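Structure assessment
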Amino acid sequence: MFSRMFSEVQSVVPSSMGFCWGQYNPHTLSKRTSIVHLFEWRWADIALECERYLAPNGFGGVQISPPNENVIVTDPKQPWWERYQPVSYKLCTRSGNETEFRDMVTRCNNVGVYIYVDAVINHMCGANAGAGDHATCGSYFNAKTEDFPAVPYSGWDFNDGKCKSRSGDIENYHDISQVRDCRLVSLLDLALGKDYVRSKVAEYMNHLIDIGVAGFRIDAAKHMWPGDVKAILDKLKDLNTAWFPEGTKPFIYQEVIDLGGEPITGSEYFGNGRVTEFKYGAKLGTVIRKWNGEKMAYLKNWGEGWGFVPSDRALVFVDNHDNQRGHGAGGSAILTFWDARLYKMAVGFMLAHPYGFTRVMSSFHWPRYFVDGKDINDWVGPPSNSDGSIKPVTINEDTTCGNDWVCEHRWRQIKNMVIFRNVVDGEPFSNWWDNGSNQVAFGRGNKGFIIFNNDDWNMSVYLQTGLPAGTYCDVISGQKEDNKCTGKQVYVSSDGKANFQINTDAEDPFIAIHVDAKL
Ligand code: AAO
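Report follows, based on the coordinates.

Conventions we followed
- Residues numbered from 1 in each chain as written.
- Predicted model: local features only at pLDDT ≥ 70, side-chain atom pairs only at ≥ 80, totals over all residues.
- Heavy atoms only, no water.
- Axes fitted to C-alpha atoms, helices over the stretch in contact; angles between N-to-C directions.
- Helix = DSSP H or I, 4+ residues; strand = E, 2+ residues; numbered from the N terminus.
- Parallel < 35°, antiparallel > 145°, perpendicular 65-115°, else oblique.
- Contact = heavy atoms within 4.5 Å.
- Nonpolar A, V, L, I, M, F, W, Y, C, P; charged D, E, K, R; others polar.
- Expected span 1.5 Å × (residues − 1).
- Buried < 20%, exposed > 50% of the residue type's maximum accessible area, 1.4 Å probe, protein only.
- Core = buried A, V, L, I, M, F, W, Y, C linked by side-chain atoms within 4.5 Å.
- Near = heavy atom within 4 Å.
- Polar contact = N/O pair within 3.5 Å; in protein donor to acceptor, adjacent residues only side chain to side chain.
- Areas by Shrake-Rupley, 256 points an atom, 1.4 Å probe, with all protein chains shown as cover.
- 1 Å grid on protein atoms, 1.4 Å probe; cavity = no way out; pocket = protein on both sides within 12 Å on 5 of 7 lines; lining within 4 Å.
- Sits in = over half its atoms within 2 Å of the grid points.
- Pairing = 2+ DSSP bridges.
- Disulfide = S-S within 2.5 Å.
- Points joined across faces, edges and corners; volume = space filled by probe spheres on them.

Let us look at the packing of helix 3 (residues 98–110) against helix 5 (residues 195–211). Here helix 3 crosses helix 5 at 50°, and the two axes come no closer than 9 Å. With respect to helix 5, the element helix 3 is oriented oblique. Contact with helix 3, carried on its side by E98, F101, R102 and V105, involves H207, L208 and I211 of helix 5 and no other residues of that element. Counted by class, the contact of helix 3 with helix 5 contains four nonpolar, one polar and two charged residues.

Written out as structure tokens, the structure is:
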């Protein structure tokens, strides 16, 4: 079974074939149009997941947590965010060591699921991280003297002289120089203007490229000058030719939080690669929650029409590891697995809609506990044993995950919409319909159709789907298995029209059909 999958993969041409090999292209295989963020997963589990689940279900790749050595924070005990405090570029973290990392990249690449590294290159650890060897590979460091001998970096390699804020931290997001030259939440800010620092960062990234990764999420890109990021990217090698065609540049997506209202915009970074479009999840959450008078009918011109960056520059997501727990930006409108019913609609909408390159979130449970509107457990790290090691992702009989891993990407509705997106890839946005309120539908050419009822009343409509006549299996309430449908069936007549009925109390108030789920 594995060897068959492998040979199939080898014969598939990357989706990027035929147009540019640039840093905007994720290099996912053809008909693999989304990636999943396996937040805090161990490398060993990701390798297994690529083989047993992601490749067979058409996922294009995985965003992994930062793989480089980080500070071990003890108060609070090993929060998830300690991984955003680098100590060196050695590849050992709670997710695994370099051997395990290499094994993951090789095995995922071999089944055509590519690895995208969360690259924390703006800074090292926090100024108050102390001194010693309390780091994930045991490297010595001294935050006070800015000494990181395992790189090595010393005081000369940080922006202290350049920062003009009183505290040395970013105090004002309206001051562009502060945002880029001062410390983000006290994290020691690397002097990326220096060629030495650029070279050390590039050396780290090139090491990962040699191992076989396909691209990078550039953490905190807003806090780096676009020209400094470019200078680093200019030093990067092309991707490893064991898996990628010669001359393939790494896929780059930069974390720039631009909700409007600040002087730094995402567009300043287009020259380097894509940017994270944070307006996407913030707005979609507001619409699906029906806050601020928003309605799904307004989604008719979703995308650039809503003031988002151009589709081919956007990396989009409903929630990310920050804003699902109140960090970062987007606020309480952000939908997450905690609001599962609305969340599935939002992810379904995202995956059906042609805008942007899509990233699915996959989380762990934590004991969320609000005090005065703030989750006091927003720091809690991944499921772990008493010795601090991360718990493996176990798989239940029903294909869901155990050990407190949420695995949204394995929820039938979400997994099937990842497949939907692959099936309709390249097809135009078509046959939009709305009732002026929160009942909307649209198609993707003659390949797929999706319809939502987010109103408080039942819906029964007869609509043009654009699909060939036939009986289709709804991939939300069920799926096609052995040419049988485990969910609702939709009958499309010869003129392309079909009846849809969605009651307001439906478990999932949406229906999606596509040509690969025709019975
Ligand atoms: C931890 C502790 C800190 C401590 C520090 C050092 O929490 O108290 O000082 O260690 O000891 C993560 C965690 C941090 C953690 C850090 C290091 O989230 O809590 O600090 O690891 O361990 C900004 C950045 C953005 C960043 C985001 C969290 O621009 O780059 O903050 N995200 C990435 C990662 C993230 C990581 C880091 C960066 C650092 O994804 O996981 O931090 O490597 C405004 C700005 C945004 C800004 C937010 C939050 O947003 O626009 O740029 O994001 O504020 O500060 C409305 C506005 C919106 C605004 C938002 C929030 O929505 O419209 O513009 O409100 O005010």
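Picking up where we left off.
For helix 5, with 17 residues, the first-to-last C-alpha span of 24 Å sits near the 24 Å given by 1.5 Å per residue. For helix 5, every residue scored as buried is listed here: V197, R198, K200, V201, A202, Y204, M205, N206, L208, I209 and I211. On the buried face of helix 5, the contacting elements are helix 3, strand 3 (114–119), strand 8 (215–218) and helix 6 (226–233). Looking one or two residues beyond helix 5, the residue adopting positive phi is G212, at roughly 125°.

Here the focus is the nonpolar core. If you look at the biggest cluster of nonpolar residues, it comprises 144 residues, and the most contacted ones within it are I46, F101 and F216. Excluding anything up to four places from it in sequence, F101 contacts W43, I64, P67, L91, V117, L208, I211 and V213. Counting 16 residues, the second-largest nonpolar core is a separate cluster that includes V461, V490, I502 and I511.

Near the ligand lie 26 residues; those nearest to it are W81, K222, H223, E262 and D322. Take W81: an N or O atom from its main chain is 2.6 Å from an oxygen atom of the ligand. About the coverage of the ligand: the protein hides 72% of its 1100 Å² of free accessible area. Spatially, the ligand is embedded in the largest pocket. Residue composition of the shell around the ligand, by class: 11 nonpolar, nine polar and six charged.

It is worth spelling out helix 8 (residues 340–352) at this point. If you check helix 8, its first and last C-alpha atoms are 18 Å apart, about what 13 residues at 1.5 Å a residue would give, namely 18 Å. Burial analysis of helix 8 places 10 of its 13 residues in the buried class, the great majority of the element.

One way to put it is that helix 8 packs onto helix 9 (residues 412–423) with a least axis distance of 8 Å and a crossing angle of 10°. Classed by the angle they form, the pair helix 8 and helix 9 counts as roughly parallel. For the pair helix 8 and helix 9, contact is made by Y343, K344, V347, G348, M350, L351 and A352 and by Q413, I414, M417, V418, F420 and R421, respectively. Counted by class, the contact of helix 8 with helix 9 contains nine nonpolar, two polar and two charged residues.

This next bit is on the sheet that holds strand 15 (residues 429–434). What the four strands build is an open sheet, ordered 15-16-17-24; its pairing is antiparallel. Of all strands in the sheet, those bounded by a partner on one side alone are strand 15 and strand 24 (510–514). Averaged over all neighbouring strand pairs, the angle between strand axes comes to 10°, with direction disregarded. Note: strand 15 against strand 16 (residues 439–444), four bridges, orientation antiparallel. Counted as the bridge partner of W433 is A441 from strand 16. Here helix 8 sits on the sheet in contact with strand 16, strand 17 (448–453) and strand 24, set at roughly 150° to strand 17. Where helix 9 meets the sheet, its contacts fall on strand 16, strand 17 and strand 24, and the angle it forms with strand 24 comes to roughly 40°.

Taken in spatial order, the eight strands close into a barrel running 1-2-3-8-9-10-11-12, and their pairing is parallel. In this sheet, adjacent strand axes meet at a mean angle of 30° when their direction is disregarded. Pairing of strand 1 (residues 34–38) with strand 12 (residues 357–362) involves five bridges; the strand directions are parallel. Bridging from a neighbouring strand, L38 pairs with S362 of strand 12. Against the sheet, helix 8 contacts strand 1, strand 11 (314–316) and strand 12, and its axis sits at roughly 155° relative to strand 12.

Across all of its chains, the model carries five disulfides by this definition. Note on cysteine connectivity: C163 is disulfide-linked to C182, with sulfurs 2.1 Å apart. On the sign convention where negative means left-handed, the S-S torsion of about 95° between C163 and C182 marks this disulfide as right-handed. Of the two residues, C163 is situated in the loop between strand 6 (141–142) and helix 4 (176–181) and C182 in the loop between helix 4 and strand 7 (187–189); the sequence distance between them amounts to 19 residues.

What follows is about empty space enclosed by the protein. Here the structure, examined in full by the defined rule, presents one cavity of 30 Å³ or more. By volume, the largest cavity amounts to about 50 Å³. If you go around the largest cavity, you meet 13 residues; those closest to its centre are N159, R180, L190, L192 and D228. Considered class by class, the residues forming the lining of the largest cavity number four nonpolar, four polar and five charged.

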